[in-house]
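Now for the letters of each chain:
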Amino acid sequence: MARYVLTLAMLTHSVQLMAAADAFHFENQISPLLARYNCNSSGCHGKAEGQGGFKLSVFGFDPVADYASIVKEARGRRVMASAAEESLFLRKATGRTPHGGGTRIKGESNDYRTLRDWIAAGMPVGDPNAPRVSAIRVEPPEKVMANRATLPVRAFAQFTDGRETEVTEHAKYQTNHETLAAVSVEGVITTGDAPGEVAVMASYLGNVAVCRVMIPQVGKNAGRQLPQFNFIDEWVDRKLAKLNIVASEVCDDATFFRRVHLDLVGLLPKPDEVRAFLSDTAKDKRAKAIDRLIQRPEFADLMALRWADLLRVNRQVLGPERAYAYFRWVRESFAKNKPFDEFARELVTAEGPVSETPPANFFKVAIKPGDAASTLSQVFLGIRIACAECHHHPSDRWTQADYAGMLAFFAPVTSRGSKDADAILSVGDPVTRHPRSGSPVYAHALGVEEPTVNPAGDRRVVLASWMTEPSNPYFARNFANRIWANLLGRGIVEPVDDVRATNPPSNPDLLDALAKFAAQKKYDTRELVRLICNSRAYQSSSVPNASNEKDEQNFSRVAFRRPSAEVLLDMIGQATGVGDRFAGLPPGTRAVQVWDSETKQPFLKLFGRPSRTSACECERNAEPSTAQVLNLMNSPDLQWKLSHVSGNVAKWQGSGHDAEKICEEIYLTVFSRRPTKAERENAVQHLKARSDRRAAIEDLTWALLNSLEFSFNH
Amino acid sequence: MHRSRYCDGLTRRDCVRLGTAAIFGLPFATHKLLAAGEKKKDLSLIYVFLHGGMSTIDSFDMKPDAPAEFRGEFQPIATKLPGLQVCEHLPKVAKEVDKFSLVRSFTHHNSDHGAADHYMLTGYFPGPGFNGNLSPNNHKPAFGSIISKKLGARGSVPPYVCVPRMHPSCGSAHLGAAHAPFVIDGDPSAANFSVPDLVPPPVIAADRIEDRRKLLGDVDRFQKSAETRANKNAGAVETFRGKAFDLMTSSEAKRAFDIAAEPEKLRDAYGRHSLGQSCLLARRMVEAGVRCVTVDHSNWDTHDGNFRVLKGTLLPQFDAAISTLFRDLSDRGMLDSTLVVVTGEFGRTPRINKNAGRDHWGPGFTVLLGGGGLKNGQVVGSTNARAERPADNPYGPEDLAVTLCTQLGIDPQTEFHTPDGRPIMVTNGGKLIKELV
């Protein structure tokens, strides 16, 4: 990186020093130290504004600028070759002069000596033709470790001339899971108490490598064999065996039935459906239930909601008519079970009047080519390249040139025409330039070698076919991983939209197998959903055992998941028998069907509905708050639903049933299961003890609605 | 407890002790005492945000000698402090000027609502991707969220509250929902004011509330189960449920939000309007343990008829609310432990526009800072003859952030991490407003 810019011509006073300074190379030796001691981190001198008047490029992506900052800026007062030790640069770094960042480098370390000797040698830039680092590797690349064990890793840099040098002392280390295993500045890994897998990243001059650490569960767990329902479970169990973890049992029928309803159609099963399912003795009743659910229109509603979030169906930007048309296209795609690669191609290459080509609206939301490029990378490849707009990706190989290459696909995209006949077109042959060097960058996809010319015609067609061709390493995995995460509450790569070498999948074989399956089935969403729901992994109980209670990564039990704000509101509507009304939409519309994320609805806002301003899954806020809890307990709205004349409470009260039967109806309706004996006794006692039967039913229903059991999918 | 502060935040008694230590030649005692003093800091913050931007040339930094198209219609009056003048429409504030300081040399480079709001409420100028229309915009965490994260709750009341609404830049951003403000969506000056959802609907009698709570304990099989323990988010809901019950049942919380319990006379003194009653509620809440209250008051955006609006509404309301807030805090011995900031997102153009209004002006304005152990009764810095920009000692939003954090006992260099792993410092550079500490 930046090899084309470090030229002697820019450095006025270094010529006479070159002879003595052959041994030093700023980019290869000094720059890594600035990264290692976090001098150029984004929280410090690497910030856009610098810190205390001293600015470095973040992570050292711009060595020319960094050299100038250190050596020439501020009239060269930061370094003194004649008295290197007294240089402000070193006095600050070692804390001898008050430094906001404290003492960063110890006074008598090797790194300190390197810096001092470099200054004493006259701050040489080094030979512009010196070999560069082309890759790094770590030793060992993987290791099985016990709890509370330590492991020093070593890092080696490979140079363009084939030479390899140890850079353990100079590389920077980072773990992707602090509680499972921490790593010190020196590269020593220390494991914690929990079992699992960790990726420890070493980075050096823009190159990254990973040491994968596996920490098995302690103790003897062998013996317990759980059934395997399909190939998913084979891969899950292989991984669990390596970690010495035993999966939880298969969940009971009622739990499965509720879970699969919430996941596939965003609804609670009706009491009669629950009864019928529980009394059904067919062996394949779970598979049949899955088959029925994926064919329901509510399945498309739920998928449409998720993808409308990611693809930014935003009324504020598009206006109601266009936003609605865009939303309809998303929903229809899932209703028709359009192959997902076709869906992606239609979107990426959308062209023509937006009134006729609804997916073209995407380019009305992501107007800037860079925005379109990074949004589509994130949504369809699971890769975040936005960092590389301004600097080298801190934990992946993507450079500013890679970003510009992706951007170039969208540079010709424009919307022309009058207001009523707006169209998206790809016109002209604009040249995208590297943000620092200014040299042209031709359209090329991530990891693909840069061509010497831009593709003719609509460049996006090239990108779309690269994305969806069978050899693409990202597309099928991203698709499989996102569907998996929707159903299991956590991606095999997590977060789902942050695929990189330094954030490896928790089960690469499983992810590959799912991706292969998806591609074989021609990206049929329903087939993939069906496969996953039929696995034991999906049908596991949420009750942990001694071996898996600390495991969160390996699908050894089902995690509690918070239903989205829309699903939760619909669940409350079903449980109380009183739905909500949404402005401008017909009665009976469910919250999941509200296509406009700006529709005024305090509950949805409070429970984390996203505003669709980014393509990040993280925009949907699943975090609980005190205000949410208070709302469920005390809001007049919920009380109104409980006391509604045509609501469920009124129905149960007027049914003439005895307390036992009413109790069963309440449990079947709200919890989608029958009460246990103890629960039944308790509830019946409550119903009988109160003189006001109506109030007693209301209060029992209120209690169920406020329980953890109701507000989670488990 | 009200204690006068001398020499660098130590009380008179501390000074006496220090003196004794020095006499007896115990040089380390000083250091220890100072360190102990650092730890004991337990301040609260009331941030009154004058949304739209207050015209400080018409209030705290008057320029009677400037040309007519700058100086405006109002006359300065003398205050309790010799040599300090404020606007004639702030007679009550003039009597309390010893309880706060004015930073007249405040400046920043932005004159847009939204971005400037964010700058003043978080100490960070918004970067790319900032969307001022989002509420909350969650770009960088507001001071209240930082306080919540670093200092936590005090008793059963929430650490961070917004009243009478939440400003879009008052969110917790990467600090997460746990540190988002508890929002009181309602005007405390309204006759029927109450905190939403804090108490069950009135149709539910007290015995039923008890019933419900007992039933909830009985029916929730997941409560404190192995499943809850193994699922962080379920545990979190349980935590928040605990907090919600605390809020509903705690007498301190009830007291904190029950503005009607204030004597009528004091309510009148604060002023029966949103600003006055919000300030009063802020004081009540701080008294009950809330660490940070942000009062969002609109609308100071006086593009048209600046003088009419200021004289007719805004300044009289401000005068009552802010003077009474400082006097009340002082009377209760709370001023030392309560840091008060009063500012808009910027000032207003010194040159009067054609609609007798003033427009947005970031380059020079006055910020009012008081209590919380700061040196009160100071004027820091000055602007040039036309109040356009600082003439000396310029300070900006980063400096405000550093000063607030330092005073509250939060290391300004504390680093947080965003969900995607980007490290972000509590403050973005900046320096202490040294004249105040």
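Definitions and cut-offs
- Residues numbered from 1 in each chain as written.
- Chains lettered and ligands numbered in written order.
- Predicted model: local features only at pLDDT ≥ 70, side-chain atom pairs only at ≥ 80, totals over all residues.
- Helix = DSSP H or I, 4+ residues; strand = E, 2+ residues; numbered from the N terminus.
- Buried ≥ 20, exposed ≤ 12 C-beta atoms within 10 Å, placed from the backbone.
- Contact = placed C-beta atoms within 7 Å.
- Rg over C-alpha atoms; globule rule 2.2 N^0.38 Å.
- Nonpolar A, V, L, I, M, F, W, Y, C, P; charged D, E, K, R; others polar.
- Pairing = 2+ DSSP bridges.
- Axes fitted to C-alpha atoms, helices over the stretch in contact; angles between N-to-C directions.
- UniProt positions renumbered as here; feature names shortened; annotations may be inferred.
- Left-handed = near helix turned anticlockwise from the far one by under 90°.
- Core = buried A, V, L, I, M, F, W, Y, C linked by C-beta atoms within 7 Å.
- Domains from an automatic or database assignment.
- pLDDT = per-residue confidence, 0-100.
- Parallel < 35°, antiparallel > 145°, perpendicular 65-115°, else oblique.

As recorded by an unreviewed UniProt entry, chain B carries the name DUF1501 domain-containing protein and is attributed to Limnoglobus roseus.

Going by an unreviewed UniProt entry, chain A carries the name DUF1553 domain-containing protein and comes from Limnoglobus roseus.

As a further point, take the overall build of chain B. Counting its secondary structure elements, chain B contains 14 helices and 18 strands. Out of the 437 residues in chain B, the part that is buried amounts to 50%. For chain B, the proportion of contacts with a sequence separation of at least 24, taken over those separated by at least 6, is 70%.

Let's shift gears to the overall build of chain A. Within chain A, the secondary structure is distributed over 28 helices and 15 strands. Scaling as 2.2 N^0.38, a compact globule of 714 residues should have a C-alpha radius of gyration of about 27 Å, and chain A matches this with 30 Å. Overall, the C-alpha framework of chain A stretches about 100 × 70 × 50 Å when taken along its three principal axes. The burial tally for chain A puts 51% of its 714 residues in the buried class. Across chain A, contacts joining residues at least 24 apart in sequence account for 64% of those joining residues at least 6 apart.

Turning our eyes to something else, we now look at the interface of chain A and chain B. Contacts between chain A and chain B engage 48 residues on the former and 51 residues on the latter. Broken down by secondary-structure element, the contributors of at least two residues to the side of chain A that touches chain B are α22 (626-634), α23 (636-642), α26 (677-689), α27 (693-705) and α28 (708-711) of chain A. Residues of the side of chain A that touches chain B, tallied by class, amount to 18 nonpolar, 22 polar and eight charged.

Moving on, we come to the sheet that holds strand β10 (residues 207-215) of chain A. All names here are of chain A. Taken in spatial order, the four strands line up as β2-β10-β9-β6 in an open sheet, and their pairing is mixed. The open sheet has two free edges, formed respectively by β2 (142-144) and β6 (172-175), since each of these has just one partner strand. Strand-to-strand twist of the sheet, defined as the mean angle between neighbouring strand axes without regard to direction, takes the value 20°.

On to unusual backbone geometry, then. With an omega dihedral of -10°, the bond running from E139 of chain A to P140 of chain A counts as a cis peptide bond. Its place among the elements puts P140 of chain A in the loop between β1 (133-139) and β2. For the bond from V163 of chain B to P164 of chain B, the omega torsion is -5°, close enough to zero to count as cis. Tracing the sequence through the fold places P164 of chain B in the loop between β7 (160-163) and β8 (182-183).

What follows covers the sheet that holds strand β3 (residues 150-152) of chain A. All names here are of chain A. Reading across from one edge, β3-β8-β7 is the order of the three strands in this open sheet, with antiparallel pairing throughout. At either margin of the open sheet sits one strand with a lone partner, and together these are β3 and β7 (181-183). Between one strand axis and the next, the sheet turns through 20° on average, direction left out of account. Sheet topology note: the β7/strand β8 (residues 188-191) ladder contains three bridges and is antiparallel. Note that in β8 the partner of A181 across the bridge is T191.

Let us now look at the UniProt feature "domain: DUF1549" (unreviewed entry) in chain A. Those places that UniProt annotates as "domain: DUF1549" (unreviewed entry) correspond, in this numbering, to residues 232-413 of chain A. In residues 232-413 of chain A, helix accounts for 63% and strand for 2%; the two terminal C-alpha atoms are 41 Å from one another.

Next up on the list: the packing of α26 of chain A against α27 of chain A. Residues and elements named next belong to chain A. Where α26 contacts α27, the axes come no closer than 8 Å and their chain directions differ by 145°. Considering only the axes of α26 and α27, their crossing is right-handed. Facing α26, whose interface residues are A683, H686 and L687, α27 presents R693, A696, I697 and L700.

What follows concerns the nonpolar core. Within the largest apolar cluster, 262 residues are counted, with the highest numbers of intra-cluster contacts made by A480 and I532 of chain A together with L45, M285 and V293 of chain B. With 10 residues, the top contributor of residues to this core is helix α13 (residues 306-331) of chain B. Viewed by domain, this core spans two of them, domain 3 (299-468) and domain 4 (565-584 + 599-711) of chain A, each represented by three or more residues. Non-local contacts of V293 of chain B, meaning those with residues more than four positions away in its chain, are made with I46, V161, V163, A282, M285 and V286 of chain B. Among the nonpolar cores identified, the runner-up in size contains 26 residues, and C39, F89, A93 and M123 of chain A belong to it.

The predicted structure's coordinates, where accompanied by low pLDDT, should not be read in detail. Residue and element names in this part refer to chain B. Of the residues in chain B, 89% reach a pLDDT of 70 or more, and the chain-wide mean stands at 87. The low-confidence segment residues 1-39 (pLDDT under 50) makes 24 contacts with residues lying over four places distant or belonging to another chain. Overall fold confidence for the complex sits at a pTM of 0.79, while the interface term, ipTM, reaches 0.79.

Attention now moves to the domain arrangement of chain A. Domains assigned within chain A are domain 1 (8-120), domain 2 (133-215), domain 3 (299-468) and domain 4 (565-584 + 599-711). Relative placement of domain 1 of chain A and domain 4 of chain A: their C-alpha centres are 62 Å apart.

Turning our attention to the UniProt feature "domain: DUF1553" (unreviewed entry) in chain A. Mapped onto this structure's residue numbering, the UniProt feature "domain: DUF1553" (unreviewed entry) falls at residues 459-686 of chain A. Helix makes up 47% of residues 459-686 of chain A and strand makes up 0%, while its end C-alpha atoms are separated by 69 Å.

Take the pairing of strand β13 (residues 423-426) of chain A next. Residue and element names in this part refer to chain A. Sheet topology places strand β11 (residues 352-353) next to β13; two bridges connect them, and they run antiparallel. Each residue of the ladder has a partner; that of G352, found in β13, is I424. Both strand β12 (residues 413-416) and β13 contribute to a ladder of four bridges, which runs antiparallel. The residue bridging T414 from the neighbouring strand is L425, located in β13.

What follows is about the pairing of strand β13 (residues 365-371) of chain B. In summary, the side chains of a regular strand alternate between the two faces of the sheet. Residues and elements named next belong to chain B. Along β13, seven of the seven residues are buried, which leaves the element largely enclosed by surrounding structure. Here strand β6 (residues 100-106) runs beside β13; their pairing, made up of five bridges, is antiparallel. Its bridge partner lying in β13, S101 is registered against L369. Both strand β10 (residues 338-343) and β13 contribute to a ladder of four bridges, which runs antiparallel. Along β13, the bridge assignment pairs L339 with G371.

This paragraph deals with the environment of L604 of chain A. All names here are of chain A. Examined against the element boundaries, L604 turns out to sit in helix α21 (residues 602-606). Through-space distance from the C-alpha of L604 to that of V567 is 9.6 Å; in sequence the pair is 37 residues apart. Residues contacting L604, with those up to four places away along its chain left out, are A565, E566, L569, A591 and R609.

This brings us to the packing of helix α1 (residues 26-36) of chain A against helix α2 (residues 63-72) of chain A. Residues and elements named next belong to chain A. It is at 11 Å that the axes of α1 and α2 come closest, and there the two elements cross at 75°. Between α1 and α2, the angle is such that the two are roughly perpendicular. Each of F26, E27, S31 and L34 in α1 lies in contact with α2, whose residues at this interface are P63, D66 and Y67. A breakdown of the residues in the contact of α1 with α2 according to their chemical character gives four nonpolar, one polar and two charged.

The next point concerns the environment of I290 of chain A. Residues and elements named next belong to chain A. Topologically, I290 is positioned in helix α8 (residues 285-294). When the C-alpha atoms of I290 and F256 are compared, they prove to be 10 Å apart, with 34 residues separating the residues in sequence. Leave out the neighbours within four places in its chain, and I290 touches V260, R530, C533 and N534.

Residues and elements named next belong to chain B. Along the chain, L121 falls in helix α5 (residues 115-122). Owing to 28 C-beta atoms within 10 Å, L121 belongs among the buried residues under this scheme. Considering only alpha carbons, one finds L121 and E345, 224 residues apart in sequence, at a separation of 8.1 Å. When neighbours within four sequence positions are excluded, L121 is seen to be in contact with F49, A142, F143, H167, S169 and C170.

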